[in-house]
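Spelled out, the chains give:
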Amino acid sequence: MRPVMTRPRPDDIRAFVETEVSAVADWLFALCALESKLGFEAATISEVMKAFQGLDLTVEKVPYPHDIDQNPHHIPVPDLDQYPDHVRANVLATRPGSGGGRSLILQTHLDVVPESEGQRYERVQDPERGEILYARGSNDAKGQAAALLLVMRALAHFDISLQGDLELQLVTEEEVGGNGALAFIHAGHRADGVLVMEPSLGQIHPANRGALWFQIGIEGVSMHMGRMHEGVSAIDKGIALIASFKEYEKELVAMSKGYRGFERYDHPVQLNVGIFQGGHWPSAVAGEAVIEGGVGFLPNKAMDDVRADLERIIATHPDEWIRNHTTIQFNKLRNDSFEIPYDHPLPTTLHAAVHDAGLESEVFGWNVSCDARLYARVGGLPVVVFGPGDLATAHGPHEHFAVADMVDAACALTQFVQDWCDVR
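Residues numbered from 1 in each chain as written. Predicted model: local features only at pLDDT ≥ 70, side-chain atom pairs only at ≥ 80, totals over all residues. Heavy atoms only, no water.

Participant: What exactly am I supposed to notice about the packing of helix H2 (residues 42–52) against helix H3 (residues 142–157) here?
Facilitator: Relative placement of two packed helices is described by the angle separating their axes and the distance separating the axes. Taken N-terminus to C-terminus, the directions of H2 and H3 make an angle of 15 degrees; their axes are 10 Å apart at the nearest point. Looking at the two axes, H2 sits roughly parallel to H3. Along this stretch, H2 crosses H3, giving a crossing that reads as right-handed. Contacts between H2 and H3 pair Thr 44, Ala 51 and Phe 52 from the former with Lys 142, Ala 145, Leu 148, Leu 149 and Met 152 from the latter. (Axes fitted to C-alpha atoms, helices over the stretch in contact; angles between N-to-C directions. Helix = DSSP H or I, 4+ residues; strand = E, 2+ residues; numbered from the N terminus. Parallel < 35°, antiparallel > 145°, perpendicular 65-115°, else oblique. Left-handed = near helix turned anticlockwise from the far one by under 90°. Contact = heavy atoms within 4.5 Å.)

Participant: Looking at this structure, I do not really get the packing of aromatic side chains. What am I missing?
Facilitator: A ring pair, where both rings are aromatic, is described by two values, the distance of the centres and the angle of the planes. Evaluation of the coordinates by the stated rule reveals seven aromatic pairs. Here the aromatic rings of Tyr 259 and Phe 262 are separated by 6.3 Å at their centres, their planes lie at 40 degrees, and the arrangement is tilted. With relative accessibility at 2%, the residue Phe 262 sits in the buried group. Among the aromatic residues, those joined into a ring-pair cluster are Tyr 259, Phe 262 and Tyr 265. Cation over ring: Arg 120 sits above Tyr 134, and NZ or CZ is 3.6 Å from the ring centre. Sitting above the plane of the Phe 364 ring, Arg 264 keeps its charged end 3.6 Å from the centroid. (Phe/Tyr/Trp six-rings, centres within 6.5 Å; stacked < 30°, edge-to-face > 60°. Buried < 20%, exposed > 50% of the residue type's maximum accessible area, 1.4 Å probe, protein only. Lys NZ or Arg CZ within 6 Å of the ring centre and 35° of its normal.)

Participant: Teacher, can you tell me more about the environment of Ser 161 here?
Facilitator: Relative to the assigned elements, Ser 161 resides in the loop between H3 and strand S6 (166–171). Taking the relative accessible area as the measure of exposure, Ser 161 reaches 16% and is therefore buried. Once the C-alpha coordinates of Ser 161 and Gly 130 are considered, the two residues, 31 residues apart in sequence, prove to be 33 Å apart.

Participant: Would you mind going over the environment of Ala 146 with me for this structure?
Facilitator: Looking at where Ala 146 falls in the secondary structure, it is placed in helix H3. For Ala 146, a relative accessible area of 0% gives the class buried. The spatial distance from the C-alpha of Ala 146 to the C-alpha of Val 403 is 9.9 Å, given a sequence separation of 257 residues. Ignoring sequence-local partners within four residues, the contact set of Ala 146 consists of Val 24, Trp 27, Leu 28 and Met 406.

Participant: Explain the pattern of salt bridges here, please?
Facilitator: One side chain can pair with another of opposite charge once the charged atoms of both are near each other. Applying the stated criterion to the full structure yields 23 salt bridges. Glu 292 is paired through a salt bridge with Lys 332; the nearest N and O atoms lie 3.0 Å apart. One end of the pair, Glu 292, is in strand S11 (residues 288–297); the other, Lys 332, is in the loop between strand S12 (326–329) and strand S13 (334–335), with 40 residues separating them in the sequence. Classification of Lys 332 as partly exposed rests on a relative accessible area of 38%. Overlapping salt bridges bring together Asp 26, Arg 123 and Glu 131 as one network. (Salt bridge = Lys/Arg side-chain N within 4 Å of Asp/Glu carboxyl O.)

Any link to function would need more than the numbers given here.
Structure follows, in structure tokens:
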């Protein structure tokens with residue numbers, strides 16, 4: 001019979017994590033040197049699987065379901081055609097509970113965006129913050145995986161027996177739309193709670209804003225500028241349509257002002273036009289135009305609502321030409337908003353655990369979209385976002401990760417896993 005272990009105190013957890021963090025920081029820095037942008041994730045997957053072996057976990061590489069592209073939430077990734085030997089797969093590590101406790105999924109992603117020009121790759125000692133790792137993916141999100149590794153080492157070291165099942169999902173294709181998370185949801189993975197790890201500065205987010213990109217085509221009638229009155233300028237029509245979209249933006253801003261959890265943001269919602277191209281010659285009326293942009297929206301709007309709103313603006317536009325000669329598609333970024341009650345046991349349990357670990361944090365909405373929305377909107381699961389590091393440095397040449405932040409997060413999460421899954 002397995003002996004019942006005394007629950008470790010927060011100070012005991014921190015003392016152990018601090019003995020382990022040097023080796024894990026070395027591992028993280030080496031992991032960041034492995035390329036894991038789209039199509040090149042294999043070496044990182046292999047290294048992560050090795051690191052999590054032998055920690056009371058069953059670790060396996062799980063291919064995407066063969067019919068994942070039939071899921072309406074799947075994001076097509078045409079660039080994968082360049083890599084015929086690429087196998088779309090995630091890492092799954094499971095720790096079965098003894099029964100009776102709440103189950104938990106801890107998730108983060110292993111893929112990164114391509115390096116920026118002048119990308120830093122070095123370790124620096126800061127007089128106030130301690131060691132800082134500068135590298136692509138150091139906080140978004142390989143540093144999150146390193147924090148999880150510390151948590152799993154702590155659980156194994158203290159021989160903690162959980163009543164609820166614990167599942168780690170380390171996914172790919174997050175940076176191109178979230179297909180890795182969708183693969184687990186599509187395959188039927190469920191839990192009583194999900195924690196998605198992203199660099200949130202240690203803040204707790206039970207809500208995320210959404211982001212929807214649109215692509216618009218406008219047909220005009222091309223004509224020599226000397227007879228431009230006989231033509232129809234697609235550029236002029238595009239300008240008129242953009243004006244209507246900006247009026248819609250004002251509506252979004254008005255209805256979102258003071259929305260709970262997002263009060264601290266000056267501009268939590270927006271409609272941006274990022275691309276406007278039209279015509280082919282300076283002395284010709286533009287016979288076509290393309291507009292691409294995106295809408296950021298809060299949980300008071302679902303993605304389908306925003307899509308319907310944009311379609312309605314075109315379909316009811318006062319300009320008949322725009323109504324009849326404009327198409328709109330949503331084939332790129334499609335990140336829904338989500339929220340769960342702020343007093344749900346998931347964020348409140350996490351908040352208490354963070355406090356017990358000696359840290360300060362707040363519970364509020366995050367003005368960012370990530371994989372969490374898939375677990376909430378598609379999986380129907382309670383989900384919260386939390387993690388060390390600062391998203392503001394991600395995707396840039398100076399992306400970095402403080403080792404001390406990783407220690408803090410690992411201590412808080414070790415406490416949280418016990419509180420949520422119940423210790424035997």
